[in-house]
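Next come the chains, spelled out residue by residue.
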Amino acid sequence: PLTLEEVRMLVELFYLPYHHGALAQELLEHFRWLRANSLSVGVPATAPDACGGTRWRGRAQSFQVLCARTCRLHSRLVSTAGRALLYDLHPYLWDIRNMLLAASAFVLWLGCQSITAPILLGRDAEPWARRGGLFGELQALLPVGNSCDLFYHPPPLFPSSQLYLLRPLLPLDKVGAMAWREVSQGLQAQLSRAPALPGRLLGSFLSLSPEYTFVLEDEGGPCGYAAGALHAEGFLQQRDSRWLPAIRHKYPPDLGTGGPALGQEAVLFFHAEPLAVPQPVLRRFPSLVQLGTAPRVLDVGASRSLALCLLSALRANGSRGVFCQVSDADRQQLSFYSKLG
């Protein structure tokens, strides 16, 4: 059964309509301070402000621990609570878990930036755009908090106790490169046996825009990704002039001959001419995004958290709109984006 400490955590998350418990108050205080002081991150260790960066990372670690505890609480409630109590409380705790997955990844991303920019927020939203309680206050602290449609979604009919971890991926450093290989292998095993598929999914983003890449993990390993390019027009030009020629040389058209059909398809994908994006789209939606999850990820809340942290990172650096490219024949991807709203 739930322990007394876990019950206390549950009460503190949903204490009174206009008064938070200790856990909720601590989460909000950490998140507010981390967002307001993110410019102190990324300074060299010998700089005068080095102590500011150390303090920021210490509070960021405390925030991560609180988020992880809350995510474990959601998993424990699903596993141990009676059905009547579970279905009464699950929608609220599921909302908070999803929000904290995104907030935790966003804070980790802020700490990974070597050049930080002021967080840009839109104009104040109308009161109806945000919900009340801890969820609404956390929503307001994300750069995309005014986009209310991103936050309204019904909980799953069948609650899952699956634990998720959401974090940024930095393939340029040694740890990031190892993590990228794990993500490539994990997604490849889930989606296809094609040797070139990881490059097809994420290669251009990791080569040209690695700072906007996030990975979702469950107990089985990597199970989802979100990648973006802040300035899509320049990104697409570099992709076509630099990245594609190199990858075509690495994967010649005859490489997949005689192999599995999906392997041939993945290789031929690199040799097809990409469709041009109309200028009106690039002017109105200057950033490009791409998301995907393995078939075993049935909880749409985890997928939405992926989208939220990627959009928050892009918005924090000035993006005012995003678009994605999907083939009209790719029913699986169309269904995935439709479920995200």
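Per an unreviewed UniProt entry, the protein chain is named OGA GlcNAcase, and its organism is Leptocoma aspasia.

Q: Would you take a moment to explain the overall build of the protein chain for this structure?
A: In terms of regular secondary structure, the protein chain is built from 12 helices and five strands. In the protein chain, which comprises 341 residues, the share counted as buried stands at 48%. Summarising the internal contacts of the protein chain: among those between residues at least 6 apart in sequence, 73% fall at separations of at least 24. Put simply, the protein chain shows about 17,200 Å² of open surface, and 58% of that area lies on carbon and sulfur atoms.

Q: How do you make sense of the sheet that holds strand β2 (residues 213-218) when you look at a structure like this?
A: Two pairing modes exist for strands in a sheet, parallel and antiparallel, and in both the strands are linked by backbone hydrogen bonds. Judged by pairing direction, the sheet is mixed, and its five strands sit side by side in the order β1-β2-β3-β4-β5 without closing on themselves. For this open sheet the edge positions go to β1 (165-168) and β5 (322-323), each flanked by a neighbour on one side alone. When strand β3 (residues 221-229) meets strand β4 (residues 287-293), the two strands line up antiparallel, connected through six bridges. Residue pairing in the sheet places G228 in a bridge with V289 of β4. Taken strand by strand, helix α8 (residues 232-250) contacts β3, β4 and β5, and its axis lies near 70° from that of β4.

Q: Would you mind going over empty space enclosed by the protein with me for this structure?
A: Empty space among the atoms becomes visible once a probe the size of a water molecule is rolled across them. This structure, assessed with the given rule, holds two cavities of 30 Å³ or more. If you add up the space inside the largest cavity, you get close to 50 Å³. If you trace the largest cavity, you find it lined by D95, N98, M99, F135, L150, F151, H153, G301, R304, S305 and L308. For the lining of the largest cavity, the element with the highest residue contribution is helix α11 (residues 300-316), accounting for four residues.

Q: Looking at this structure, I do not really get helix α1 (residues 4-13). What am I missing?
A: One turn of the α-helix equals 3.6 residues, which is why residues spaced by three or four share an orientation. Residues of α1 that are buried include every one of E6, M9, L10, E12 and L13, and no others. For α1, the angular spread of the buried residues around the axis is 165°, confining them to a single face.

Q: I'm lost on the packing of aromatic side chains in this one. Help?
A: Geometry of an aromatic ring pair is reported as the spacing of the ring centres plus the angle between the planes. Applying the stated criterion to the full structure yields six aromatic pairs. Between the aromatic rings of F14 and Y92, the centroid separation amounts to 6.3 Å while the plane-to-plane angle is 65°, which identifies the pairing as edge-to-face. One end of the pair, F14, is in the loop between α1 and α2 (22-36); the other, Y92, is in helix α4 (residues 83-112), with 78 residues separating them in the sequence. Judged by its relative accessible area of 34%, F14 is partly exposed.

Q: What exactly am I supposed to notice about the packing of α4 against helix α5 (residues 133-141) here?
A: Packed helix pairs are specified by the crossing angle of their axes together with the interaxial distance, meaning the distance between the axes. At a minimum axis distance of 10 Å, the contact between α4 and α5 shows a crossing angle of 20°. Taken together, the axis directions place α4 and α5 in an arrangement best described as roughly parallel. Crossing angle aside, the handedness with which α4 passes α5 is left-handed. For the pair α4 and α5, contact is made by D95, I96, M99 and L100 and by L134, F135, L138 and Q139, respectively. For the contact of α4 with α5, the residue count by class is six nonpolar, one polar and one charged.

Rules and cut-offs
- Residues numbered from 1 in each chain as written.
- Predicted model: local features only at pLDDT ≥ 70, side-chain atom pairs only at ≥ 80, totals over all residues.
- Heavy atoms only, no water.
- Helix = DSSP H or I, 4+ residues; strand = E, 2+ residues; numbered from the N terminus.
- Buried < 20%, exposed > 50% of the residue type's maximum accessible area, 1.4 Å probe, protein only.
- Contact = heavy atoms within 4.5 Å.
- Areas by Shrake-Rupley, 256 points an atom, 1.4 Å probe, with all protein chains shown as cover.
- Pairing = 2+ DSSP bridges.
- Axes fitted to C-alpha atoms, helices over the stretch in contact; angles between N-to-C directions.
- 1 Å grid on protein atoms, 1.4 Å probe; cavity = no way out; pocket = protein on both sides within 12 Å on 5 of 7 lines; lining within 4 Å.
- Points joined across faces, edges and corners; volume = space filled by probe spheres on them.
- Arc of directions from axis to C-beta.
- Phe/Tyr/Trp six-rings, centres within 6.5 Å; stacked < 30°, edge-to-face > 60°.
- Parallel < 35°, antiparallel > 145°, perpendicular 65-115°, else oblique.
- Left-handed = near helix turned anticlockwise from the far one by under 90°.
- Nonpolar A, V, L, I, M, F, W, Y, C, P; charged D, E, K, R; others polar.

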